[in-house]
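# Structural characterization, general
The primary structure of each chain is shown beneath.
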Amino acid sequence: MSKAVVFFANGTEECEALLVVDLLRRAGVGVTVASASGTKQIVSSHKVHLETDALAEEVDYTDVDLVVLPGGIPGTPNLAANETVCRVAKQFMADETKKVAAICAAPSILGHLGLLAGKKATSHAKFRDQLTGAVVLDTEVVVDGNLITSFGLGGAIPFALELVKQLAGESEAERIRGAIEYLH
């Protein structure tokens, strides 16, 4: 079974984060929700109180296939301030067998870490100038090797379905697309 870690922080955009968790779990992917805020309890960007499975620092990433960085403000700067999130993103980007996904403002973290040089990527329009070194595309979801990015909440379902496709295959992504009646 594939495994994913979705990082949550205080101020994370809850819909971007929870849609990914939901659709990956529907596909049978083992998902750990990991807090980057030093406590398992976080408050999302729209004041939804959530409890995570673990602290980011407690997770064993050796058999994890994918890490996901949701957007949101101040969630994105809070993820960027977490040493574990940054270290794991760097390690996963360097390992072509592992995947890194980021949506909305969160791809800017990868830009600031110097991880987008020569990569195709997208983000929320307000953060595209922070995708340092990337070939910036104005599309819903961009896949470039082991990097998957999306432009924001409006792309959360196609983003999550792409992550399902990456970890569980095209047929499983299509099955879930039908099950949730996503007609896009």
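The paragraphs below set out a description of the structure included in this document. (Residues numbered from 1 in each chain as written. Predicted model: local features only at pLDDT ≥ 70, side-chain atom pairs only at ≥ 80, totals over all residues. Heavy atoms only, no water.)

A few words on the nonpolar core. Counting residues in each nonpolar core, the largest one holds 30 residues, and the members touching the most others are F8, V20, L24, L66, V68, F159 and L163. Looking at this core, the elements that each hand over two or more residues are strand 1 (3–8), helix 1 (14–26), strand 2 (30–35), strand 6 (66–69), strand 7 (99–103), helix 5 (156–168) and helix 6 (170–179). Broken down by element, the residue count for this core peaks at seven residues, all from helix 5. When near neighbours in sequence (up to four residues on either side) are disregarded, V20 contacts V6, V68, F159, A160 and L163. In this structure, A36, V67, M93 and A121 belong to the second largest nonpolar core, which totals 29 residues. (Core = buried A, V, L, I, M, F, W, Y, C linked by side-chain atoms within 4.5 Å. Buried < 20%, exposed > 50% of the residue type's maximum accessible area, 1.4 Å probe, protein only. Helix = DSSP H or I, 4+ residues; strand = E, 2+ residues; numbered from the N terminus. Contact = heavy atoms within 4.5 Å.)

Moving on, we get to helix 1. The terminal C-alpha atoms of helix 1, which comprises 13 residues, lie 18 Å apart, in line with the 18 Å expected from a rise of 1.5 Å per residue. Burial in helix 1 covers these residues: E14, E16, A17, V20, V21, L23 and L24. Put simply, E13 is the residue that caps the front of helix 1, since its side-chain oxygen is 2.6 Å from the backbone nitrogen of C15. (Expected span 1.5 Å × (residues − 1). Polar contact = N/O pair within 3.5 Å; in protein donor to acceptor, adjacent residues only side chain to side chain.)

Bringing helix 5 into the picture now. For helix 5, with 13 residues, the first-to-last C-alpha span of 18 Å sits near the 18 Å given by 1.5 Å per residue. Note on helix 5: the residue one or two positions beyond its end, G169, has a positive phi of about 100 degrees.

Evaluation of the coordinates by the stated rule reveals seven salt bridges. The salt bridge partner of R26 is D22, with a shortest N-O separation of 2.4 Å. Placement of both R26 and D22 in helix 1 is noted, with a separation of four residues, approximately one turn of the helix. According to the relative accessible area criterion, D22 is partly exposed, its value standing at 33%. We note a salt bridge from K165 to E170, for which the minimum N-O separation is 3.5 Å. On the basis of relative accessibility, which here comes to 40%, the residue E170 falls in the partly exposed class. (Salt bridge = Lys/Arg side-chain N within 4 Å of Asp/Glu carboxyl O.)

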